[in-house]
Amino acid sequence: MTLGLESPAPPIKVENWLRGQPLTSFQPGKVYIVEFWATWCASCVAALSDLVQLQEKYRDSGVEVLGIAAGERAQTAEKARSKLDAWLTEKLPNLNYRVGLDYTREMDELWMDSSFSIGISTSFVVDRDGHIAFIGSPTQLEEVLPKILTGSWRISDEAKAADAERIAKGERTMPIFVKLTPAMKAQDWAKALSVVEEAVAVLPDDVNFRVLQADLLLHKMRDLQAGLPVMRQLVRDAINKKSALWMAGAMRQLFDPANDNSHLPQAERFAMGNELSGHILAINAPQRGDAPKFLSYPAVAQYYYESGNKDRASELIEVTLKSLDGPAPIPDNLKQEVMSESVQTLANYKGQKACYGSVCATPQPGVSQSTKAQAPEERR
């Protein structure tokens, strides 16, 4: 049976409790937030940190948070436990709620699979009577939890509609991921493309599938005849939606330095890059300190660099680095990765040593950030 709003909460199946006292069942009269996460999940650090504040804020209202690590990648349960313990000690030293390890994935199957929940982190709220009151992103808890505590959420049309929409989307997407994941791991690009095209047909507004479709065609299969129309439509839709996320995804397909873009028709590539760059910088201007830049600015910088505007390219990378210390939460591991790559890019752009804080880099010998595919006017 599908797990959703008003369903009885599945049981707690935890092999090891790494933080807090063991809990074997939900106690009547209390509200539980059951959070599924993993150490490899980039967004989970921020989610778990926010739950520390949520636990403190609502503790006197009978709210208890349970963090369930159900997707750890380790050879044995003991290795997973040691890895988790070290990670929690480093990342969340002030943790104030229980954390358990579900190495066998029994809870994952009972909760995540049964509710058609695919990605983590995912939050489940168990109400005072032991029934599910909410399933969704932890970013929604600040708005939804007060309504659950007053008893107004579960009976609302908003809650029923949101859960019905979540289940409908899950029923469409879960079979897709069951086929897509092994195809991607096997690098069977033709099979992966077939699955993604099936996904795009039923979920045309899912940016991840749309970007993956372009990537498979243009970069994995190098099928320009099929890939260019897909890329053009992705750019048009991203601009029409005025979505920073869509535009960042499209821009990376054209100017991600990690890709070899020399096979793409350069005049069209730069025309699309010029249009996307203008919209990205308008939506997420350099002077806006509240919005992270690392999703889109490196590709925009690469566009400027390949166009011959090295100063502008370097400036955008420097803005990217400064934004890492802004108010938007970024997981430490992702922050360090972006910082290292950005400093290296800055050194390559400037042709000299570059530093940001304690991270420094020198230009890589024999590496040019621009010669894989230069702007048409520079090649003449």
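The following paragraphs examine the structure supplied in this document. The residue numbering used here restarts from 1 in each chain and proceeds along that chain's sequence as written. Reporting in this predicted model follows two pLDDT cut-offs: at least 70 for local features of residues, and 80 or more for side-chain atom pairs to be given and counted; totals over whole chains, interfaces and linings ignore these cut-offs and use all residues. Note that the side-chain values use all heavy atoms of the structure and ignore hydrogens as well as water.

### Considering the packing of helix α8 (residues 224-241) against helix α10 (residues 266-283)
Here's step 1: Fitted lines through C-alpha atoms serve as axes, helices being fitted only where they are in contact, and the angles separating the N-to-C directions of these axes extend from 0 to 180 degrees. A run of H or I in DSSP becomes a helix once it reaches four residues, and a run of E becomes a strand once it reaches two; helices and strands are each numbered from the N terminus. The contact between α8 and α10 brings their axes to 11 Å, and the two run at 15 degrees. Between α8 and α10, the angle falls in the class roughly parallel. In the crossing of α8 with α10, the sense of the turn from one axis to the other is left-handed. On α10, the residues that touch Leu 228, Met 231, Arg 232, Val 235 and Ile 239 of α8 are Glu 268, Met 272, Glu 275, Leu 276 and His 279.
Here's step 2: For this scheme, ten residues count as nonpolar: Ala, Val, Leu, Ile, Met, Phe, Trp, Tyr, Cys and Pro. Four count as charged, namely Asp, Glu, Lys and Arg, and the remainder, Gly too, count as polar. Split into classes, the residues belonging to the contact of α8 with α10 amount to 6 nonpolar, 1 polar and 3 charged. Throughout, the term roughly parallel applies to angles under 35 degrees, roughly antiparallel to angles over 145, roughly perpendicular to angles from 65 to 115, and oblique to all others. Each crossing gets its hand from how the near helix is turned against the far one by less than a right angle, where anticlockwise is left-handed and clockwise is right-handed. A contact between two residues is defined here by any heavy atoms of the two lying within 4.5 Å.

### Remarks on the packing of aromatic side chains
Here's step 1: Here is the rule: rings of Phe, Tyr and Trp (six-membered ring for Trp) pair when centre to centre is within 6.5 Å. Planes less than 30 degrees apart are stacked, more than 60 are edge-to-face, and the remainder are tilted. Applying the stated criterion across every chain yields a total of 12 aromatic pairs.
Here's step 2: Taking 5.5 Å as the distance between ring centres and 70 degrees as the angle between the ring planes, the aromatic pair formed by Phe 36 and Phe 124 counts as edge-to-face. Of this pair, Phe 36 sits in strand β2 (residues 31-37) while Phe 124 is found in strand β5 (residues 122-126), placing the two residues 88 residues apart along the sequence. An identical accessibility class is assigned to Phe 36 and Phe 124; each is buried. Working definition: with a 1.4 Å probe on protein chains only, accessible area under 20% of the residue-type maximum means buried, over 50% means exposed, and in between means partly exposed.

### Structural notes on the layout of surface pockets
Here's step 1: The distinction between a cavity and a pocket rests on a 1 Å grid over the protein atoms alone: a 1.4 Å probe fits inside a cavity but cannot get out, while a pocket stays open yet meets protein on both sides within 12 Å along at least five of seven lines, and a residue with an atom within 4 Å of a point counts as lining. Grid points are joined across faces, edges and corners, and a volume is the space filled by probe spheres set on the points. A volume near 720 Å³ is recorded for the second largest pocket.
Here's step 2: Around the second largest pocket, the lining comprises 23 residues; the ones closest to its centre are Trp 40, Arg 73, Arg 105, Asp 108 and Ile 118.
Here's step 3: Of all the elements in the fold, those that place two or more residues in the lining of the second largest pocket are β2, α3 (106-113) and α5 (157-185).
Here's step 4: By residue class, the composition of the lining of the second largest pocket is 13 nonpolar, 4 polar and 6 charged.
Here's step 5: The source of the domain bounds is an automatic or database domain assignment. Here the lining of the second largest pocket spans two domains, since at least three of its residues come from each of domain 1 (7-155) and domain 2 (159-205).

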